[in-house]
Amino acid sequence: MQRAVVTGGSGFVGASLVRRLLSMGWYVDLLLRPGYATWRIPTQQPQLSTHVVDLTDASSVEVLLHRLRPRYVFHLAAHGAYSWQTDAARIARTNLEATRALALAALKADVEAFVHTGSSLEYGRKRHPPSEDEPTEPEGAYAVSKAAATAFCRDLARKSGIRMPTLRLYSIYGPWEEPRRLVPSLLVHATAGKWPPLANPNTARDFVWVEDAIDAMLIAASRPPADPGAIFNIGTGRQTTLGEIVDIVRAMTGCEAEPHWQSMPDRGWDTDIWQADTRHAATELGWTAQTPLRTGLRETVQWLGKDRDRLDFYRANLDLADRRHRQPPASDRG
């Protein structure tokens, strides 16, 4: 049986990857931090094991990977991607120190591939779709730590020969996303006939359906690239403004309320240009995003509506955020 280790498996994208691997018949080991959230993790899965470990504890991580001997490691654990995650020390520990410890342990465990997830924010503000070989100009603790982790993985891969591709993710959306993020916040509010607080309607993002992103991860793990430390932009190559996605959701849900633009102040990472250059992923991996935004949003609405308890959970989390004045973000970091 094929075996994979996944970090960040209690998070949105990680939990979706875990479900995909289980559906493929893989045995999956989740490496989880103490106090991890449980609501996304599949239950009663004999092919799924959980291991609570501090990923910055290099010796513990090395011993664990040596015992598990996975074929692939998918490293999705991160901190700072959400606007309310601002602890710079924790951001550095999670995104850089943990990546270093895990990557070195994977090398010693002789894994076939270590797939590292980066961020589009590593590029900084560009007035064009940046390619992977452009210099990074990250701003803020999160972006800086992700860029440093990518540089470390690339250097280690080139020196050792182990496959350590980095996938720079743009704005991933879909089932199991954090309730306070843009897409679930828009959908849940709109189905109740209202809108969340919104920033500038010209704010742009490149929205990527989560299953398309998982396709890219699996391809990157299994297909040896010419450069073992290759970097790939994972986006659609098309940007969508906040005004445009609100119009799509309005048409889909029939929400008649008028959005109150800039009822949320601009954030430091907001920009009117944010678009992936996906040519390298298409050429080297044979991967392009397949799911139009309207299709993905429709599927997310259907997923939310399939389970009354799930919808109530999302509504309750958004109500709680409003009461605490921690409003849902009107656009998300990449």
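Source: prediction; values computed, not measured.

Caption draft 1: Quick peek at the nonpolar core. Within the largest apolar cluster, 75 residues are counted, with the highest numbers of intra-cluster contacts made by Leu-17, Leu-21, Val-28, Phe-74, Leu-167 and Ile-245. Counting residues per element, this core draws most heavily on helix α6 (residues 210-222), which supplies 8 residues. When residues no more than four places from it in sequence are discounted, the contact partners of Leu-21 are Ala-4, Val-6, Trp-26, Val-28, Phe-74 and Leu-218. Within the second largest apolar cluster, 23 residues are counted, among which are Val-53, Leu-65, Leu-68 and Ala-103.

Caption draft 2: Just the pattern of salt bridges, in detail. A complete count under the given rule lists 18 salt bridges for this structure. Across the pair Glu-178 and Arg-180 runs a salt bridge, and its minimum N-O distance is 3.2 Å. Per residue, the accessibility class of Glu-178 equals that of Arg-180, and both read buried. If you follow the salt bridges from partner to partner, you end up with Arg-20, Glu-211 and Asp-215 in one network.

Caption draft 3: Molecular detail of the side chain of Asp-212. Position of Asp-212 relative to the elements: it lies in helix α6. Engagement of the side chain of Asp-212 in a polar contact is seen with the backbone nitrogen of Gln-290, the distance being 3.0 Å. Leaving out residues up to four positions away in the same chain, Asp-212 has contacts with Trp-287, Ala-289, Gln-290 and Thr-291.

Caption draft 4: Inspection of helix α1 (residues 12-23) at higher detail. Between its first and last C-alpha atoms α1 spans 17 Å; for 12 residues at 1.5 Å apiece the expected length is 16 Å, and the two agree. Of all the 12 residues making up α1, 10 are buried; the element is thus mostly covered by neighbouring parts of the structure. Every buried residue of α1 is accounted for by Phe-12, Val-13, Gly-14, Ala-15, Ser-16, Leu-17, Val-18, Arg-20, Leu-21 and Leu-22. Elements that come into contact with the buried residues of α1 comprise β1 (3-7), β2 (27-32), β3 (48-52), β4 (72-75), β7 (171-173) and α6. Of the residues one or two after α1, Gly-25 is the one with positive phi, at around 90°.

What counts and how
Numbering of residues starts from 1 in every chain and runs along the sequence as written. Where local features are concerned, this predicted model is filtered to residues with pLDDT of at least 70; where side-chain atom pairs are given and counted, the filter is 80 or more; whole-chain, interface and lining totals use all residues. Side-chain metrics in this entry use all non-hydrogen atoms of the structure; hydrogen atoms and water are not considered. Among buried residues, those of type Ala, Val, Leu, Ile, Met, Phe, Trp, Tyr and Cys that are joined through side-chain atoms within 4.5 Å constitute a nonpolar core. Partly exposed describes any residue whose relative accessible area lies between the buried limit of under 20% and the exposed limit of over 50%, with all areas from a 1.4 Å probe on protein chains only and scaled to the type maximum. Secondary structure elements follow DSSP: runs of H or I no shorter than four residues count as helices, runs of E no shorter than two count as strands, and numbering proceeds from the N terminus. By definition in these notes, contact holds between two residues if any of their heavy atoms fall within 4.5 Å. By definition, a salt bridge exists where a carboxyl oxygen of Asp or Glu is found within 4 Å of a side-chain nitrogen of Lys or Arg. Whenever two N or O atoms come within 3.5 Å, that pair is a polar contact, provided that in protein one can donate a hydrogen and the other can accept it, and provided that, for residues adjacent in sequence, both atoms are side-chain atoms. To estimate how far a helix should reach, multiply one less than its number of residues by 1.5 Å.

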